Protein chains: 2
Amino acid sequence: MLYLGIDLGGTHIACGVCDKEGRIISKEETPTLPDRPFEQVVRDMGLCALEAIRKAEAVPNDIAAIGIGIPGIANNDTGRVIFCTNLGWNDVPLTEELQKYVNKPVYIENDATVAGFAESVAGVSKGCRSSVFLTLGTGVGGGIIVNGKPWTGAHGVASELGHLTIELDGIPCTCGKDGCLERYCSATALIRMGKEACQVHPRCDLAQRVNGDLSKLTAKTVIDSARSGDEISMHLFHRYARYLALAINNVVSFLDPEMVVLGGGVSNAGEFLLNAVKEKLPYFLMFKTMPYCDVQLARLGNEAGIIGAAMLGRIMKEEGAFSYAD
Amino acid sequence: MLYLGIDLGGTHIACGVCDKEGRIISKEETPTLPDRPFEQVVRDMGLCALEAIRKAEAVPNDIAAIGIGIPGIANNDTGRVIFCTNLGWNDVPLTEELQKYVNKPVYIENDATVAGFAESVAGVSKGCRSSVFLTLGTGVGGGIIVNGKPWTGAHGVASELGHLTIELDGIPCTCGKDGCLERYCSATALIRMGKEACQVHPRCDLAQRVNGDLSKLTAKTVIDSARSGDEISMHLFHRYARYLALAINNVVSFLDPEMVVLGGGVSNAGEFLLNAVKEKLPYFLMFKTMPYCDVQLARLGNEAGIIGAAMLGRIMKEEGAFSYAD
């Protein structure tokens, strides 16, 4: 049997047909254009999915199940998306609407959970019974795999690791609280630190790299400058790596998984980031002499969304739609 | 069949025989006297266990399995206790030594995990597939139940919830790091806050309750004073409850269990504490309109150690010793 994975993003919809090992057989993409009515977005998801199936030289009846990763949360008992802020969706019947185009069982999950599940089926954490995925992007997302399955909690709101408080009354977060982890560990955090440094040191290497136009400063600017040895950027980068090590220890002290996987834009810094984090992690560990999780970079990149969604479809089909309390 | 539960504490060893539902049939206690050699402590554990079995009008062969809760961590593959700081134990063969007295399968687990498991089998969280137990004592311990089983992590170091960082570079912790949750949510934290207040307000109600002798100030002093309406103590108590609400949100945002259970000395404040925490929790929640876990007080009190240990023995016997990665 084949499995259809749909990665629903704020800018693109990516559909792919996978085999049962999570290998992508065909892919198709279309713009999301999120300002349109819900039904029109889902229509394009459906047509994109049908085109991916055609490209796989398959027919809809070859598809055993459909998985969808969304930047939000859903209730799989009702097939409704509860929140999907980027797309302005609130309590919409995604499963019912999509089944007008491909009438197969649909399973919807948060995109970070989907990406983490993909890595655990076909990526760097393959073979691990427990792993935690951290996406270091505009925000910080989390994906938790326990006993080989995604863990989404008793009410579907688990793994919001970006919103663990790590600083009492710290930096205000978009969520309305203060001091959330994502204010310190996201790409946005690295950009903020870079801008602050440029305001104090207007001629620093960072400021020069963007010709003084701080609106052009990205996480990559800071990382490239640090990599070149610039002292100010090195300082920021190591501060960032320290926050990330603290965050990883919070994962270790809570769940002690076999592996922590780093994905998202900042993880493109590769070994440079990984080495800095691994160097700082032992300080934060509770039991210095006990073995602890491996920390690795995600391997599947943009394809994690399709693969993870397809594999969610598979696990749902094979083991039954697991309710949140399972 | 019957199950033997042993609660190994720094001052007392409590042994009990339970039926398969976790009902205590008989109990026996003996002092730990932790300064003695390891073998002598285990000898008293063994004799105490045999006495509990005799009191239950049973013989050792009626016991299907033995569970032990320890203030430390153990490796059940080897039967050795890795750390048990209060007792000064480092890498000792507890299973082998105890089996000289009662030769049955032994399963050892951290005491907070054991207490949380007890509540999930026979206490307030009975029937919950997922729950998180927080002991609010000298430190803060955690017990995680996932899919009805204790979760101890891939390397046995999970659920050290007292050592999640909640304040960057915060109050120094006994573990060597700074800003750990237990510096804000333990009985010790409430005592520290009380002492600080007394130093600034030497004639406050709190100081009067201990006749100015701050070494006599306990968490109960602060709670009693707050309950009587004293303004300074009310302020401290609500600050404490706010930290605890923040900690509970970290649990919700990570694992989203069905229930969070509060145990340990501070939880004796009862509804007074529970109401204050429940009032403060919504502010910290990421999804304000989604359902979330119930927060309840532990019900089993001191018996949780025996019951949880006995039920660990049962689950081990019935489902096989689960390794950390299960």
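This report concerns the structure included in the present document. Keep in mind the model is a prediction, meaning the values are calculated, not measured.

Quick notes on the sheet that holds strand β11 (residues 149–150) of chain A
All names here are of chain A. Overall, mixed pairing links the five strands, which are arranged β11-β10-β9-β12-β13 in an open sheet. Each edge of the open sheet is held by one strand with a lone partner, namely β11 and β13 (294–297). Relative to β11, strand β10 (residues 140–146) runs antiparallel, the two being bridged by two bridges. Looking across to β11, one finds that V146 is bridged to K149.

Looking at the sheet that holds strand β1 (residues 2–8) of chain B
Residue and element names in this part refer to chain B. The strand order β3-β2-β1-β4-β8 describes an open sheet built from five strands, whose pairing is mixed. Either end of the sheet is taken by a strand with one partner, and the two such strands are β3 (24–31) and β8 (106–110). Taking each pair of neighbouring strands and ignoring which way they run, the sheet shows an average axis angle of 20 degrees. Pairing of β1 with strand β2 (residues 12–18) involves six bridges; the strand directions are antiparallel. Bridging from a neighbouring strand, L4 pairs with V17 of β2. Against the sheet, helix α10 (residues 304–319) engages β1, β2, β3, β4 (63–70) and β8, with an angle of about 130 degrees to β1.

A short note on the packing of aromatic side chains
To describe a pair of aromatic rings, one takes the distance between the centres and the angle between the planes. All names here are of chain A. Applying the stated criterion across every chain, the model contains eleven aromatic pairs over all chains. Ring centres of Y283 and F284 lie 4.9 Å apart, and the angle between their planes is 80 degrees; this geometry places the pair in the edge-to-face category. When its relative accessible area of 40% is taken as the criterion, Y283 is described as partly exposed. Its end group placed over the ring of Y283, K288 keeps NZ or CZ at 5.6 Å from the ring centre.

Digging into the packing of helix α8 (residues 231–254) of chain A against helix α9 (residues 271–284) of chain A
Residues and elements named next belong to chain A. Contact geometry for α8 and α9: axes closest at 8 Å, N-to-C directions at 55 degrees. It follows that α8 is oblique to α9 by the angle criterion. Taken as a pair, α8 and α9 cross one another with a handedness that is right-handed. Of α9, the residues touching α8 (which contributes F237, H238, Y240, A241, R242, L244, A245, L246, I248 and N249) are F272, L273, A276, V277, K280, L281 and F284. The residue makeup of the contact of α8 with α9, split by class, is 13 nonpolar, two polar and two charged.

Side note on the interface of chain B and chain A
Across the contact, 56 residues belong to chain B and 56 residues belong to chain A. For the pairing of chain B and chain A, the buried interface totals around 4900 Å² over both sides, and the portion due to carbon and sulfur atoms is 65%. The three residues of chain B that bury the most area against chain A are H155, L168 and F254 of chain B, which together make up 17% of that side's buried surface. Between chain B and chain A we count two salt bridges in total. Residue D169 of chain B pairs with R242 of chain A through a salt bridge whose shortest N-O separation is 2.5 Å. Sorting the residues of the side of chain B that touches chain A by element identifies β6 (80–84), β10 (140–146), α8 (231–255) and α9 (271–284) of chain B as the ones contributing at least two each. Counting residues per element, the side of chain B that touches chain A draws most heavily on α8 of chain B, which supplies ten residues. Residue classes in the side of chain B that touches chain A are distributed as 32 nonpolar, 14 polar and ten charged.

Brief notes about α9 of chain A
Relative to the 20 Å expected for 14 residues at 1.5 Å per residue, α9 of chain A spans 20 Å between its end C-alpha atoms, a close match to the ideal helical length. Of the positions making up α9 of chain A, those classed as buried are L273, L274, A276, V277, K280, L281 and F284 of chain A.

Thoughts on the pattern of salt bridges
All names here are of chain A. Applying the stated rule across the entire model yields 36 salt bridges over all chains. Among the salt bridges present, the one from E21 reaches K20, with a minimum N-O distance of 3.3 Å. The exposure class of E21 is partly exposed, given its relative accessible area of 36%.

Structural notes on the side chain of E160 of chain B
Along the chain, the position of E160 of chain B falls in the loop between β11 (149–150) and α4 (182–185). For the buried E160 of chain B, no salt bridge exists, and the shortest N-O distance to an oppositely charged side chain is 9.0 Å, to K177 of chain B.

Thoughts on the nonpolar core
By size, the foremost hydrophobic cluster in this structure holds 128 residues, and its most contacted members are I248, L262 and L273 of chain A together with I248, L262 and L273 of chain B. Looking at this core, the element that brings in the most residues is α8 of chain B, giving 14 residues. When near neighbours in sequence (up to four residues on either side) are disregarded, L262 of chain B contacts L134, L136, L244, I248, S267, L273, L274, V295, Q296, L297 and A298 of chain B.

Thoughts on the relation of the copies chain B and chain A
With an axial shift of 0.0 Å and an RMSD of 0.0 Å, the rotation relating chain B to chain A amounts to 180 degrees. The relationship between the two copies is best expressed as a two-fold rotation axis. In this assembly, 100% of the residues forming the interface of chain B have copies in chain A that are likewise at the interface, indicating an isologous arrangement.

Examining the pairing of strand β7 (residues 89–92) of chain A
Residue and element names in this part refer to chain A. Of the strand pairs in this sheet, strand β6 (residues 80–84) and β7 are connected by three bridges, and their pairing is antiparallel. Bridge assignment links C84 to a residue of β7, and that residue is W89. Connecting β6 to the antiparallel partner β7 that follows it, the hairpin turn spans four residues, and G88 within it adopts a positive phi of roughly 70 degrees.

With respect to the packing of helix α5 (residues 187–200) of chain B against α8 of chain B
All names here are of chain B. Between α5 and α8, whose axes approach to 10 Å, the crossing angle comes to 150 degrees. Regarding α5 and α8, the two cross each other, and that crossing is right-handed. Contacts from L190, M193, G194 and A197 in α5 reach I232, L236, R239, Y240 and Y243 in α8. Residue classes in the contact of α5 with α8 are distributed as seven nonpolar, one polar and one charged.

Looking at unusual backbone geometry
All names here are of chain B. Even without glycine at this site, D91 takes up a positive phi of about 55 degrees. Topologically, D91 is positioned in strand β7 (residues 89–92). Assessed through its relative accessible area of 45%, D91 is described here as partly exposed. Backbone geometry at S159 places phi at a positive 65 degrees, although glycine is not the residue there. With respect to the element layout, S159 can be found in the loop between β11 and α4.

A short note on helix α5 (residues 187–200) of chain A
With 14 residues, α5 of chain A should cover 20 Å at 1.5 Å per step; its first-to-last C-alpha distance of 20 Å lies within 8% of that length. All of the buried residues along α5 of chain A are A187, A189, L190, M193, G194, A197 and C198 of chain A.

Basis of the calculations
- Residues numbered from 1 in each chain as written.
- Chains lettered and ligands numbered in written order.
- Predicted model: local features only at pLDDT ≥ 70, side-chain atom pairs only at ≥ 80, totals over all residues.
- Heavy atoms only, no water.
- Pairing = 2+ DSSP bridges.
- Helix = DSSP H or I, 4+ residues; strand = E, 2+ residues; numbered from the N terminus.
- Axes fitted to C-alpha atoms, helices over the stretch in contact; angles between N-to-C directions.
- Contact = heavy atoms within 4.5 Å.
- Phe/Tyr/Trp six-rings, centres within 6.5 Å; stacked < 30°, edge-to-face > 60°.
- Buried < 20%, exposed > 50% of the residue type's maximum accessible area, 1.4 Å probe, protein only.
- Lys NZ or Arg CZ within 6 Å of the ring centre and 35° of its normal.
- Parallel < 35°, antiparallel > 145°, perpendicular 65-115°, else oblique.
- Left-handed = near helix turned anticlockwise from the far one by under 90°.
- Nonpolar A, V, L, I, M, F, W, Y, C, P; charged D, E, K, R; others polar.
- Buried area = accessible area lost by both parts, 1.4 Å probe.
- Salt bridge = Lys/Arg side-chain N within 4 Å of Asp/Glu carboxyl O.
- Expected span 1.5 Å × (residues − 1).
- Lys, Arg positive; Asp, Glu negative; His and termini not counted.
- Core = buried A, V, L, I, M, F, W, Y, C linked by side-chain atoms within 4.5 Å.
- Least-squares fit on C-alpha atoms with pLDDT ≥ 70 in both.

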